[in-house]
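Per-entry structural report
These are the residues of each chain, in order.
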Amino acid sequence: MTVLPTALDTAGPDYAAHREAMLARLAELETEHAKALAGGGAKYTERHRGRGKLLARERVELLLDPDAPFLELSPLAAWGSDYPVGASIVTGIGVVEGVECLITANDPTVRGGASNPWTLRKALRANEIAYANRLPCVALVESGGADLPSQKEIFIPGGALFRDITRLSAAGVPTVAVVFGNSTAGGAYVPGMSDHTVMIEERSKVFLGGPPLVRMATGEESDDESLGGAGMHARVSGLADHYAVDEADAIRQARRIVARLNHRKAHPDPAPAAPPAYDPEELLGIVPGDLKEPFDPREVIARIVDGSDFDEFKPLYGPSLTTGWASLHGYPVGILANARGVLFSAESQKAAQFIQLANQRDIPLLFLHNTTGYMVGKEYEQGGIIKHGAMMINAVSNSKVPHLSVLMGASYGAGHYGMCGRAFDPRFLFAWPSAKSAVMGPQQLAGVLSIVARASAAAKGQPYDDEGDAALRAMVERQIESESLPMFLSGRLYDDGVIDPRDTRTVLGLCLSAIHTAPVEGARGGFGVFRM
Ligand code: COA
């Protein structure tokens, strides 16, 4: 064993200050998470309960095995938009009858569970996760369909939801729909396209058009039950495979369906692993409030990997990027962690080599972000920083082992790409409340804009307004700062959630377990041409 030492002074002032800053951010995060939990608010929650119905998260909880964890994804979706935080749908990974499943549940307390543009993005992301990791999908449906005022944003891209259900099925990933209430129009295709359906007596309403629409279209008089009730679908249309008498019965039947799926994981579960040698609580005191101050990512690694056991690769070469091998909850991982912010040529080449090694050995990769990007300046340009950065990005792009990304601190510029940012399809990407991500830092960006504006004025022979410039810089800085923050980015579905640093090991362990449902195989060759 190569147990990492620690230099973290948990009694010192730096630790206390970092911890305080992190706790303050966690408190803010808690407030936002509470909004997602509150769904459509007290009025709609009470009305829903008054109808004898369970809330979305209660349905999920009943579906899961007793005491099984639920890794909720993107709870802050729609944050900072005109739509309620959470995007009127709950998504996540949980264990049903011993099978890890991707679960989605419409929140009918938010505008009748209608899908707005953020609901759509969140649901599509859930499908992507199910597909990549071969997780059976269980949809707990109760939705007013498309959010009609925003139909232009969702109607055309929304077809992907139908497409995904059948592609999952074609790939051998089971799909189950349990209909708790309304599932009309487009929503009717969710049960329509799923492998297995459960409907509930006097509750499920599944039709292409409800009674008013039918009257408008054909003049026919009808009622909910004969058009799309559970009894009709179970006895007449054949759309309901299972007929349930109430919500609890429907969930019980959904559990029985999953129990009979014969869905097997590609890799057996590893033996229980040793916890880290250091207290994960200490993860609160590592990242400085000011990201300009560097921190040693080994302190983080020591608190998330099994036994704090880490075998570093090339520690003396390209020291701004720490690379090495460990295991996490028994799963082998290769870790790439930014150590001093900037990526130079040596770090980039080391990363490309390390990524190839992980692919040869079928080892998933974990990227721990704290980078301001690739180094700029004459010396570095002449030293080939572009081609070396390109080499790293080539390796990340074409690597086939599963990638996990955690934004601990800064994640700026092409460094975000090289470290497997969102566009590079990491299987999962989480941010700590301390993270910031943007094309560059707010001050730098404001400064660049100011230099460009000054040069433009000079080229036109116009005087430059220095006072206006200061105000513009301050405004741009504030805007970029707010757009770099994790809640903003999470709201836009640029991550799978903002997590408490103390939960990192648990979250990554759940992800690794889900990932190993599908075969883990690296790329043997198949990289783009490496410019040497
Ligand atoms: N788009 C936008 N808003 C919607 C909506 C939709 N598809 N469905 C419901 N809402 C809104 C309602 O206007 C209402 O807003 P308000 O509280 O500000 O008045 C709120 O969501 C709750 O709806 P309400 O009808 O009071 O809830 P309910 O639980 O009694 O009924 C539905 C829910 C879904 C059965 C009913 O709202 C409905 O039939 N909606 C239209 C369904 C439809 O035809 N969709 C087309 C899909 S392509």
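Residue positions are given per chain, counting from 1 as you read along its sequence in written order. Reporting in this predicted model follows two pLDDT cut-offs: at least 70 for local features of residues, and 80 or more for side-chain atom pairs to be given and counted; totals over whole chains, interfaces and linings ignore these cut-offs and use all residues. Computation of side-chain values covers all heavy atoms of the structure but excludes hydrogens and water.

1. Section: the overall build of the protein chain
Note the following rule: Helix and strand assignments follow DSSP, with helices taken as H or I runs no shorter than four residues and strands as E runs no shorter than two, numbered in order from the N terminus. The buried label goes to any residue with under 20% of its type's maximum accessible area, the exposed label to any with over 50%, and the partly exposed label to all in between, with areas taken from a 1.4 Å probe on protein chains only. A contact between two residues is defined here by any heavy atoms of the two lying within 4.5 Å. For accessible areas, the Shrake-Rupley method is used with a probe of radius 1.4 Å. Any residue's cover is judged against the shown protein chains and nothing else. Positive charges come from Lys and Arg, negative ones from Asp and Glu, while His and the chain ends are left out of the count. Just so you know, the charge point we use is NZ for Lys, CZ for Arg, CG for Asp and CD for Glu.
Scanning the protein chain for helices and strands turns up 19 helices and 15 strands. C-alpha extents for the protein chain along the principal axes are approximately 80 × 65 × 50 Å. Here the protein chain holds 532 residues, and 53% of them are scored as buried. Taking the contacts inside the protein chain whose residues are at least 6 apart along the sequence as the reference set, 75% of them involve residues at least 24 apart. Total accessible area on the protein chain is roughly 23300 Å²; 56% of this is exposed by carbon and sulfur atoms. Both charge centroids of the protein chain, one from 50 positive and one from 62 negative side chains, sit 5 Å from each other.

2. Brief notes about the nonpolar core
One recurring pattern in soluble globular proteins is that nonpolar side chains are buried together. Put simply, the test is: Definition used in this section: a nonpolar core is a set of buried Ala, Val, Leu, Ile, Met, Phe, Trp, Tyr and Cys residues joined via side-chain atoms within 4.5 Å.
Judged by nonpolar contacts, the single largest core of 57 residues is most densely connected at Ile335 and Leu368. Top contributing element to this core by residue count: helix H19 (residues 504–515), with six residues. Ignoring anything within four residues of it in the chain, the contact list for Leu368 reads Val300, Ile301, Ile304, Ile335, Leu336, Ala337, Asn338, Val406, Met408 and Met419. The next biggest cluster of nonpolar side chains, apart from the first, holds 25 residues, and it includes Leu321, Ala352, Phe354 and Met419.

3. Notes on empty space enclosed by the protein
This is how the line gets drawn: Note on definitions: the grid is 1 Å and covers protein atoms alone; a cavity is a set of points where a 1.4 Å probe fits but cannot get out; a pocket is an open set with protein on both sides within 12 Å along at least five of seven lines; lining residues have an atom within 4 Å of a point. Grid points are joined across faces, edges and corners, and a volume is the space filled by probe spheres set on the points. Under the scheme applied here, ten amino acids are nonpolar (Ala, Val, Leu, Ile, Met, Phe, Trp, Tyr, Cys and Pro), four are charged (Asp, Glu, Lys and Arg), and all others, including Gly, are polar.
Under the defined criterion, the tally for this structure stands at one cavity of 30 Å³ or more. Approximately 60 Å³ is the volume found for the largest cavity. Taken together, 13 residues make up the lining of the largest cavity; nearest its centre are Ala36, Val85, Gly86, Ser88 and Asp107. Residue composition of the lining of the largest cavity, by class: seven nonpolar, three polar and three charged.

4. As for the environment of Gly158
Inspection of the secondary structure puts Gly158 in helix H5 (residues 151–170). Taking the C-alpha atoms as reference points, Gly158 and Ala16, 142 residues apart in sequence, are found 48 Å from one another.

5. Description of the pattern of salt bridges
Quick reminder of the rule: For this document, the term salt bridge refers to a Lys or Arg side-chain nitrogen within 4 Å of an Asp or Glu carboxyl oxygen.
If you walk through the whole model with that rule in mind, you get 31 salt bridges. With a shortest N-O distance of 3.9 Å, Arg256 and Glu97 are connected by a salt bridge. Taken as a pair, Arg256 in helix H10 (residues 247–259) and Glu97 in the loop between strand E2 (89–96) and strand E3 (99–106) lie far apart in primary sequence, 159 residues in all. With a shortest N-O distance of 2.9 Å, Glu282 and Arg303 are connected by a salt bridge. With a gap of 21 residues between them, Glu282 in the loop between H10 and helix H11 (297–301) and Arg303 in the loop between H11 and strand E8 (311–313) connect regions that are remote in the sequence. Members of the salt-bridge network, linked through shared partners, are Lys53, Arg59, Glu142, Arg203 and Glu247.

6. Things to note about the UniProt feature "domain: CoA carboxyltransferase C-terminal" (unreviewed entry) in the protein chain
Test applied: UniProt positions are given in the numbering used here, feature names are shortened, and annotations may be inferred rather than shown by experiment.
Per the UniProt annotation, the sites labelled "domain: CoA carboxyltransferase C-terminal" (unreviewed entry) are residues 279–532. Secondary structure content for residues 279–532 is 40% helix and 19% strand, while the C-alpha to C-alpha distance between its ends is 43 Å.

7. Details of the site of the ligand
We apply this condition: The near set for a molecule or strand comprises every residue that places at least one heavy atom within 4 Å of it. Pairs of N or O atoms within 3.5 Å make up the polar contacts considered here, provided that, within protein, one atom can donate a hydrogen while the other can accept it, and that residues adjacent in sequence are counted only when both atoms are side-chain atoms.
Taken together, 15 residues are adjacent to the ligand, and Tyr44, Arg47, Arg51, Gly144 and Ala146 come closest. Contact between the ligand and Gly112: an oxygen atom at 3.4 Å from a main-chain N or O atom of the residue. A distance of 2.9 Å separates a nitrogen atom of the ligand from a polar atom in the backbone of Leu148. Protein coverage of the free-state accessible area of the ligand, which is 860 Å², stands at 56%. Of the residues belonging to the shell around the ligand, the class tally is six nonpolar, five polar and four charged.

8. Regarding the layout of surface pockets
Taken as a whole, the second largest pocket holds about 880 Å³ of empty space. Of all the secondary structure elements, the ones that give two or more residues to the lining of the second largest pocket are strand E11 (341–343), strand E12 (365–374), helix H14 (385–398), strand E13 (403–412), helix H15 (413–418), helix H16 (442–459) and helix H17 (466–484). Along the lines of polarity and charge, the residues of the lining of the second largest pocket split into 18 nonpolar, 11 polar and nine charged.

9. What about a negative patch on the surface?
Condition: Residues with no salt bridge and a relative accessible area higher than 30% make up the patches, which join like charges within 9 Å and nonpolar side chains (Val, Leu, Ile, Met, Phe, Trp, Tyr) within 5 Å.
Together, Glu201, Glu202, Asp223, Glu225 and Asp246 line one region of the surface with negative charge. Here Glu202 is to be found in the loop between strand E6 (196–200) and helix H7 (211–218). Take Glu202: its relative accessible area is 65%, and that puts it in the exposed class.

10. Considering the sheet that holds strand E5 (residues 175–183)
Just so we agree on the cut-off: Pairing between strands requires that DSSP locate at least two bridges from one strand to the other. Axis lines are fitted to C-alpha atoms, over the contacting stretch for helices. Their N-to-C directions set the angle, which ranges from 0 to 180 degrees.
The strand order across the open sheet built from seven strands is E1-E2-E3-E4-E5-E6-E7, with neighbouring strands paired in mixed fashion. Only two strands of the sheet have a single neighbouring strand rather than two, namely strand E1 (70–73) and strand E7 (242–244). On average, adjacent strands in this sheet sit at an angle of 20° to one another, irrespective of strand direction. Here six bridges tie strand E4 (residues 137–143) to E5, and the two strands are oriented parallel to one another. By the bridge assignment for E5, Val138 is matched with Val176.

11. Some points on H10
For clarity, the threshold we go by: What a helix should span is 1.5 Å times the count of its residues minus one.
The terminal C-alpha atoms of H10 lie 18 Å apart, and with 13 residues this matches the ideal 18 Å at 1.5 Å per residue to within 8%. Among all positions of H10, only Glu247, Asp249, Ala250, Ile251, Gln253, Ala254, Arg255, Ile257 and Val258 are buried.

12. Some points on unusual backbone geometry
A positive phi is found at Glu97, a non-glycine position, where the angle reads about 50°. Owing to a relative accessible area of 31%, Glu97 belongs among the partly exposed residues under this scheme. Here Lys314, not a glycine, exhibits a phi torsion of approximately 50°, which is positive. Structurally, Lys314 can be placed in the loop between E8 and strand E9 (321–328). Owing to a relative accessible area of 30%, Lys314 belongs among the partly exposed residues under this scheme.

13. A closer look at H19
Here H19 spans 16 Å end to end across 12 residues, near enough to the 16 Å set by a 1.5 Å rise per residue. Burial of H19 is extensive: 10 of the 12 residues sit out of reach of the surface. Listed as buried for H19 are Thr504, Arg505, Val507, Leu508, Gly509, Cys511, Leu512, Ser513, Ala514 and Ile515.

14. As for the packing of H16 against H17
When two helices pack together, their arrangement is given by the angle between the helix axes and by the axis-to-axis distance. The criterion, for reference: A clockwise turn of the near helix away from the far one marks a right-handed crossing, whereas an anticlockwise turn of less than a right angle marks a left-handed crossing.
With their axes 8 Å apart at the nearest point, H16 and H17 run at an angle of 145° to one another. By crossing handedness, the relation of H16 to H17 is classed as right-handed. Here H16 contributes Pro442, Gln443, Leu445, Ala446, Gly447, Leu449, Ser450 and Arg454 to the contact with H17, which in turn contributes Asp466, Asp469, Arg473, Val476, Glu477, Ile480 and Glu481.

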